[in-house]
Amino acid sequence: MSTAPLDVHKGLAGVVADTTAISEVVPETLSLTYRGYPVQQLAASRSFEEVAHLIWYGELPDAAQLAAFVNRERAQREVTRSTIGVVDRVPDGCHPMDLLRTAVSSLGAEDPAEDDNRRESNQAKAEALFAKLPTVIAHAHRRRRGLDRIAPDASLGWSANFFHMCFGEVPAPEVLRCFEVSMILYAEHSFNASTFTARVVASTLSDMYSAVTAAIGALKGPLHGGANEAVMKMMLEIGEPERAADWLRNRLAAKEKVMGFGHRVYKDADSRVPTMKAALDDMAALTGGERWVRMYEELESAMLAAKGIHPNLDFPAGPAYYLMGFDIPMFTPLFVMARITGWTAHIIEQLDANALIRPLSAYTGPHERPVPAAAA
Ligand code: ACO
């Protein structure tokens, strides 16, 4: 029995699944805006707290709104002993994304308002996750190094406090700036795989923590957020910039992907890359890490010459985080710290005008047939 052929959009490529007012990606003009503001201008002039406010509430905060938001954020950074206990029961040596996924699940289980999907309740949860995830991630960073955790310091800004909790000190303002630039660039990117995952979960009227837990799972994959880790592993494997072009040619000849290159939406360059590359250049100058920049440039030109494929944001972000002193498995959790803003804004937007997300499939298995008689 044949049915009319269905138009299959593998990977949902080219499918417009819903509307959004949070960010606009225009690949033709290499433009990415958050609520109308170019991300490059935000990265050049605004703090990540201001950008988080913009993403959730639609406008940059005025002085009073910013002060109130900063106070709320600083007041709720600590996580309960119960959540730290849950995290500490995750086996040693697991990937920190596993630990983070577990921590968000625990944060949900202990929140009495977990299933309250009213807008104000979900906005409060979004702010709480923004404040608490750095504490969990810093704990994961120190745990893998066998170090005791450092409590949050409410006298420090969001980024400075994170470095304090990880390293016991706050770096030079130039390093903090490069970090904030990466956070702003990573914060939001329309219906990417992890954000869409969060929206699918939210569309069932499940809770925000479940949606974020699922999004963390989606981001972990090397075709998405996990690529920033893969980039640095690749660079360490290559070792010297002079070996980069040959290494890349061999890799392509073996029909293997080169991590940190290519994008589903941007085919003529990723709008975020020049800003992050400039931050990487700054980090290299500050730390004497110029050879990673040379390797970046060798790989970039070899890939463009061979396949015409451009780097994506993960390509400069990987070595930049390395030069900031983070262990490679921490890179994707750093992406989570930023993307929590976009994910939670999308969950709230999904619920504002919800429709269950449930696509169709084109069946290719055997058509209906009788079940044979069971063997006697
Ligand atoms: N290395 C080598 N070849 C590539 C790469 C790459 N990184 N990216 C795309 N191509 C090639 C494919 O092999 C394919 O070639 P073919 O037509 O000869 O078979 C063609 O370009 C199209 O590639 P697809 O994977 O079909 O394109 P798609 O839009 O589905 O992929 C993706 C986008 C998944 C990001 C892909 O470019 C990729 O795997 N990149 C590496 C992983 C990565 O860096 N991910 C981070 C994404 S950005 C982010 O999350 C911030």
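Residues numbered from 1 in each chain as written. Predicted model: local features only at pLDDT ≥ 70, side-chain atom pairs only at ≥ 80, totals over all residues.

Novice: Give me the sheet that holds strand 1 (residues 23-26): which residues, what numbers.
Specialist: With respect to topology, three strands assemble into an open sheet ordered 1-2-3, the strand pairing being antiparallel. The outermost strands of the open sheet, each flanked by one partner alone, are strand 1 and strand 3 (37-38). Bridging between strand 2 (residues 31-34) and strand 3 involves two bridges; their strand directions are antiparallel. Counted as the bridge partner of Tyr-34 is Tyr-37 from strand 3. (Pairing = 2+ DSSP bridges. Helix = DSSP H or I, 4+ residues; strand = E, 2+ residues; numbered from the N terminus.)

Novice: Which residues make up helix 16 (residues 331-352), and what are the values?
Specialist: In this model helix 16 runs 32 Å from its N-terminal to its C-terminal C-alpha over 22 residues, within 8% of the 32 Å that 1.5 Å per residue would give. The sharpest bend along helix 16 measures roughly 45° and falls at Arg-339. Among the 22 residues that make up helix 16, 18 are buried, leaving the element largely enclosed by the rest of the structure. (Expected span 1.5 Å × (residues − 1). Bend = angle between axes of the 7 residues up to and from the residue. Buried ≥ 20, exposed ≤ 12 C-beta atoms within 10 Å, placed from the backbone.)

Novice: Please provide a residue-by-residue account of unusual backbone geometry, values included.
Specialist: Positive phi is not limited to glycine here, since Arg-35 has a value of about 50°. When you line up the elements, Arg-35 lands in the loop between strand 2 and strand 3. Overall, Arg-35 belongs to the partly exposed group, with 19 C-beta atoms counted inside 10 Å. Despite not being glycine, Leu-205 has its phi angle at roughly 65°, a positive value. Mapped onto the elements of the fold, Leu-205 is located in the loop between helix 9 (193-203) and helix 10 (208-220).

Novice: Before we move on, could you go through the confidence of the model for the chain and cite the residues and values that matter?
Specialist: Averaged over every residue, the pLDDT of the chain is 96; the share at 70 or more is 99%. For this predicted complex, the interface score ipTM comes out at 0.97, while the overall pTM is 0.96. (pLDDT = per-residue confidence, 0-100.)

Novice: Report on the UniProt feature "active site" (unreviewed entry) in the chain, specifying residues and quantitative values.
Specialist: The feature "active site" (unreviewed entry), as annotated in UniProt, sits at His-263 and Asp-314 in this numbering. The annotated residues occupy 52 residues of the chain but converge on a single region, no pair of C-alpha atoms lying more than 10.6 Å apart. By secondary structure assignment, the location of Asp-314 is in helix 15 (residues 314-324). Excluding anything up to four places from it in sequence, Asp-314 contacts Ala-227, Asn-228, Val-231 and Gly-260. (UniProt positions renumbered as here; feature names shortened; annotations may be inferred. Contact = placed C-beta atoms within 7 Å.)

Novice: Residues and numbers for the domain arrangement of the chain, please.
Specialist: What the domain assignment reports for the chain is domain 1 (23-220 + 329-353) and domain 2 (227-324). Relative to domain 2, the C-alpha centre of domain 1 lies at a distance of 25 Å. Among the elements of the structure, strand 2, helix 1 (39-45), helix 8 (173-186) and helix 16 are those that each provide at least two residues to the side of domain 1 that touches domain 2. The greatest single-element share of the side of domain 1 that touches domain 2, amounting to eight residues, is contributed by helix 8. Looking at the side of domain 1 that touches domain 2, its residues break down into 17 nonpolar, four polar and one charged. (Domains from an automatic or database assignment. Nonpolar A, V, L, I, M, F, W, Y, C, P; charged D, E, K, R; others polar.)

Novice: I'd like to hear about the packing of helix 6 (residues 119-144) against helix 16, residue by residue, with values.
Specialist: For any two helices packed against each other, one specifies the inter-axial angle together with the distance between the axes. Two elements in contact, helix 6 and helix 16, have axes separated by 10 Å at closest approach and are oriented at 170°. One element, helix 6, and the other, helix 16, form an angle in the roughly antiparallel class. Taken as a pair, helix 6 and helix 16 cross one another with a handedness that is right-handed. The residues of helix 16 that touch helix 6, namely those facing Arg-119, Asn-122, Gln-123, Ala-126, Leu-129, Phe-130, Leu-133, Pro-134, Ile-137 and Ala-140, are Pro-333, Val-336, Met-337, Ile-340, Thr-341, Thr-344, Ile-347, Ile-348 and Leu-351. Partitioning the contact of helix 6 with helix 16 into residue classes produces 14 nonpolar, four polar and one charged. (Axes fitted to C-alpha atoms, helices over the stretch in contact; angles between N-to-C directions. Parallel < 35°, antiparallel > 145°, perpendicular 65-115°, else oblique. Left-handed = near helix turned anticlockwise from the far one by under 90°.)

Novice: Give me the nonpolar core: which residues, what numbers.
Specialist: With 99 residues, the main nonpolar core has Leu-100, Ile-184, Val-212 and Ala-320 as its most contacted residues. The residues that make up this core include at least three from each of domain 1 (23-220 + 329-353) and domain 2 (227-324). (Core = buried A, V, L, I, M, F, W, Y, C linked by C-beta atoms within 7 Å.)

Novice: How would you summarise the pairing of strand 1 if you had to cite specific residues and measurements?
Specialist: Alignment of strand 1 against strand 2, held across four bridges, turns out to be antiparallel. Across the sheet, Val-25 pairs through a bridge with Leu-32, a residue of strand 2. Following strand 1, the chain reverses through four residues before pairing antiparallel with strand 2; Leu-30 in that reversal takes a positive phi of roughly 50°.

Novice: An account of the pairing of strand 2 is requested, with residue identities and associated values reported.
Specialist: Moving residue by residue along a regular strand, the side chains alternate between the two faces of the sheet. Burial along strand 2 is one-sided: the face carrying Leu-32 and Tyr-34 is buried and the face carrying Ser-31 and Thr-33 is not. Taken together, strand 2 and the strand that follows it, strand 3, pair antiparallel across an intervening segment of two residues, in which Arg-35 is found at a positive phi of about 50°.

Novice: Which residues make up the environment of Thr-332, and what are the values?
Specialist: Assignment of secondary structure puts Thr-332 in helix 16. Along the sequence, Thr-332 and Ala-68 sit 264 residues apart, while their C-alpha atoms lie 29 Å from each other. Excluding residues that lie within four positions of it along the chain, Thr-332 makes contacts with Met-97, Leu-219, Lys-220, Gly-225, Gly-226, Asn-228 and Glu-229.

Novice: Help me get a handle on the packing of helix 11 (residues 227-238) against helix 15, residues and values and all.
Specialist: Running from amino to carboxyl end, helix 11 crosses helix 15 at an angle of 70°, the nearest separation of the two axes being 8 Å. Taken together, the axes of helix 11 and helix 15 lie roughly perpendicular to each other. As for the relative orientation of helix 11 and helix 15, their crossing is right-handed in sense. Residues Ala-227, Asn-228, Glu-229, Val-231, Met-232 and Met-235 of helix 11 touch helix 15, and the partners they reach there are Asp-314, Phe-315, Ala-317, Gly-318, Pro-319, Tyr-321 and Tyr-322. In terms of residue class, the contact of helix 11 with helix 15 is made up of nine nonpolar, two polar and two charged.

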